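A closer look at the structure
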Amino acid sequence: MCNAAGLPFLQIDNAHASALISLFGGQLLHYQPHGQPPLLWLSEAAVLDGSKAIRGGIPVCWPWFGKGAEGEPQHGFARLQTWQLDSLEETEAGTLLTLELTPELCPDHQGEQWRLALEIEIGAELTLHLHSENKGTAPMPLQAALHSYFHCGHVHQCRIEGLGHDYFDSLLQRACYKPVETVFREPVDRIYAAPVPLTRLYNSHHETSLRHRGNDCLVLWNPGPRVPADIPALGWSDFVCVETAVLGLQGLAAGDRHTLSLSCSVRGI
Ligand SMILES: O=P(O)(O)OC[C@H]1O[C@@H](O)[C@H](O)[C@@H](O)[C@@H]1O
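The name given to the protein in an unreviewed UniProt entry is Putative glucose-6-phosphate 1-epimerase, with Zobellella aerophila as the source organism. The annotation that UniProt attaches to the protein under Catalytic activity (unreviewed entry) is "alpha-D-glucose 6-phosphate = beta-D-glucose 6-phosphate".

Okay, structure coming up:
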């Protein structure tokens, strides 16, 4: 199905959960296990016409994270391209689908030799595997992130355990240390470079567990009330970004593949 601007979406509704996926950006926008609240936040002011990355869900930052070289888009180009559906399979555990992005699908990257694939499992739990493959003969620089926007009752009431203790504060531009779990009441933009594999988000009634693999960092972000144009004025308090990221790879050797994974489950408390 397509929206009025022609962007293609896949809607999933199986025995376990419902989900919405945008081929633009290769981006999961909605996931809700039956009987549970939606896991992901999608901005009511998200731009859905292909002119800008979609604000919310799980954008894929690739093949770099952050600013990148001059003139290049922040967080890489993958979230600005239209991916294609490679496979879709219904199983007892849910729906398993793979989206792919190749240089042939990217007008400015013709002739390059790589493949990016995002496996998404929509079941009682949500699992994503982002496979980056260097199909060329020279090493390829690589950073990647699953930039997840998680719904929370109010970000100031959300407690987070399992990020790590040491982080780089991108707002203060200095290294910091915090020994226990995190509740924050101010804008945050942090890189935890010694992350633990299991993060727990506690809201008033729900606990969300996040299992990360293949990452070397977790990024924590919430802009506070000074929001970008595609977040409504009061919308900033409804989400927190916990981003499963690999930022320090030496590069992907010729023929090598890297997999970044995230599994999420929600339960009432
Ligand atoms: O507005 P964008 O490009 O989606 O980025 C949002 C945020 O993404 C986070 O990952 C960065 O750490 C922040 O610095 C950035 O502001």
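**Considering the overall build of the protein**
From N to C terminus, the protein includes zero helices and 18 strands. Taken over C-alpha atoms, the radius of gyration comes to 18 Å for the protein, in line with the 18 Å a tight globule of 269 residues would show. When the 269 residues of the protein are sorted by exposure, 51% land in the buried category. Partitioning the intrachain contacts of the protein with sequence separation of at least 6 by distance along the chain shows that 60% fall at a separation of at least 24. Computing the positive centroid from 17 side-chain charges and the negative centroid from 29, the protein places the two 9 Å apart.

**Looking at the nonpolar core**
Ranked by size, the top nonpolar core spans 57 residues in total, and within it Trp62, Leu126 and Leu130 carry the most contacts. Broken down by element, this core gets its largest block of residues, five residues, from strand E7 (residues 114-122). Beyond its immediate stretch of four places on either side in the chain, Trp62 contacts His75, Gly76, Phe77, Ala78, Trp114, Leu116, Leu130, Ser132, Met140, Leu142, Gln143 and Ala144.

**Considering the site of the ligand**
Lining the immediate environment of the ligand, one finds Arg55, Phe65, Gln74, His75, Arg79, His147, Asp189, Val219, Trp221 and Glu243. Within the side chain of Arg55, a nitrogen or oxygen atom sits 3.0 Å from an oxygen atom of the ligand. With respect to the ligand, the side chain of His147 contributes an N or O atom lying 2.9 Å from an oxygen atom. Burial of the ligand by the protein chains amounts to 78% of its free accessible area of 390 Å². Because more than half of its atoms lie within 2 Å of the grid, the ligand is assigned to the largest pocket. When its residues are assigned to classes, the shell around the ligand shows three nonpolar, three polar and four charged.

**Side note on the side chain of Thr98**
Topologically, Thr98 is positioned in strand E6 (residues 94-101). With residues near it in sequence (within four places) discarded, Thr98 still touches Gln84, Leu85, Asp86, Ser87, Ala117, Leu118 and Glu119.

**What to know about the packing of aromatic side chains**
Tallying each qualifying case throughout the model produces 10 aromatic pairs. Residues Tyr149 and Phe239 carry aromatic rings whose centres are separated by 5.2 Å and whose planes lie at 55° to one another, so their mutual orientation is tilted. One end of the pair, Tyr149, is in strand E9 (residues 144-151); the other, Phe239, is in strand E17 (residues 239-246), with 90 residues separating them in the sequence. The buried category is assigned to Tyr149, whose relative accessible area is 2%. A residue is classified by how much of its surface remains accessible, and Phe239, at 0% relative accessible area, is buried. Ring centres of Trp221 and Phe239 lie 6.1 Å apart, and the angle between their planes is 45°; on these two criteria the pair is classed as tilted. With Trp221 in strand E16 (residues 217-222) and Phe239 in strand E17, this pair connects stretches of sequence that are 18 residues apart. The buried category is assigned to Trp221, whose relative accessible area is 16%.

**Quick word on the layout of surface pockets**
Here the largest pocket defines a volume of roughly 480 Å³. Contributing to the lining of the largest pocket are 25 residues, with Gln74, His75, His147, Asp189 and Trp221 lying nearest its centre. Residues of the lining of the largest pocket, tallied by class, amount to 12 nonpolar, six polar and seven charged. What the second largest pocket holds in volume is close to 240 Å³. Taken together, 15 residues line the second largest pocket, and the ones lying closest to its centre are Pro63, Glu112, Trp114, Met140 and Pro141.

**Overview of the sheet that holds strand E15 (residues 206-213)**
On the basis of which strands lie adjacent, the open sheet formed by eight strands has the order E5-E6-E7-E8-E18-E15-E14-E10 and antiparallel pairing. A single partner strand is all that each edge strand has here, and the edge strands are strand E5 (84-91) and strand E10 (159-161). Shown here is a sheet whose adjacent strand axes are inclined to one another by a mean of 15°, direction ignored. In the sheet, E7 pairs with strand E8 (residues 126-134) via nine bridges, with the strands oriented antiparallel. Its bridge partner lying in E8, Leu118 is registered against Leu130.

Rules behind the numbers
- In every chain, residue numbers begin from 1 and rise along the written sequence.
- With pLDDT at 70 or above as the cut-off, local features in this predicted model cover only qualifying residues; side-chain atom pairs require 80 or more to be listed or tallied, and sums for whole chains, interfaces and linings still use all residues.
- Computation of side-chain values: all heavy atoms of the structure, hydrogens and water removed.
- UniProt positions are given in the numbering used here, feature names are shortened, and annotations may be inferred rather than shown by experiment.
- Strands are runs of DSSP state E lasting at least two residues, helices are runs of H or I lasting at least four, and both sets are numbered from the N terminus onward.
- For this measure, only C-alpha atoms enter the radius of gyration; the expected value for a globule follows 2.2 Å times N^0.38, where N is the number of residues.
- With a 1.4 Å probe rolled over the protein chains alone, any residue whose accessible area is under 20% of its type maximum counts as buried; one over 50% counts as exposed, and the rest are partly exposed.
- Only heavy atoms matter for contacts: two residues are in contact if any of them lie within 4.5 Å across the pair.
- His is not counted, nor are the chain ends; Lys and Arg add positive charge and Asp and Glu add negative charge.
- Just so you know, the charge point we use is NZ for Lys, CZ for Arg, CG for Asp and CD for Glu.
- Only buried Ala, Val, Leu, Ile, Met, Phe, Trp, Tyr and Cys residues count toward a nonpolar core, and they belong to the same one when joined by side-chain atoms within 4.5 Å.
- Nearness is judged by heavy atoms alone; a residue qualifies as near a molecule or strand once a single heavy atom is within 4 Å of it.
- Whenever a nitrogen or oxygen atom comes within 3.5 Å of another N or O atom, the pair is scored as a polar contact, on the condition that within protein one atom can donate a hydrogen and the other can accept it, and that pairs from neighbouring residues in sequence are kept only if both atoms are in side chains.
- Only the protein chains shown count as cover for residues, with accessible areas throughout obtained via the Shrake-Rupley method and a probe of 1.4 Å.
- Here a cavity means grid points, on a 1 Å grid over the protein atoms only, where a 1.4 Å probe fits yet cannot get out; a pocket means an open set of points with protein on both sides within 12 Å along at least five of seven lines; lining residues are those with an atom within 4 Å of a point.
- The rule for placing a molecule in a cavity or pocket is simple: more than half of its atoms must lie within 2 Å of the grid points.
- In the scheme used here, Gly and all other residues not listed as nonpolar or charged are polar, with Ala, Val, Leu, Ile, Met, Phe, Trp, Tyr, Cys and Pro taken as nonpolar and Asp, Glu, Lys and Arg as charged.
- In this analysis, rings of Phe, Tyr and Trp, with Trp reduced to its six-membered ring, are considered paired at centre separations within 6.5 Å, and the interplanar angle assigns stacked below 30 degrees, edge-to-face beyond 60, and tilted for intermediate values.
- Grid points are joined across faces, edges and corners, and a volume is the space filled by probe spheres set on the points.
- The rule for pairing is simple: two strands pair if DSSP sees at least two bridges between them.
- Only the stretch in contact is used when a helix axis is fitted, and all axes are lines through C-alpha atoms; the angle between N-to-C directions ranges over 0 to 180 degrees.

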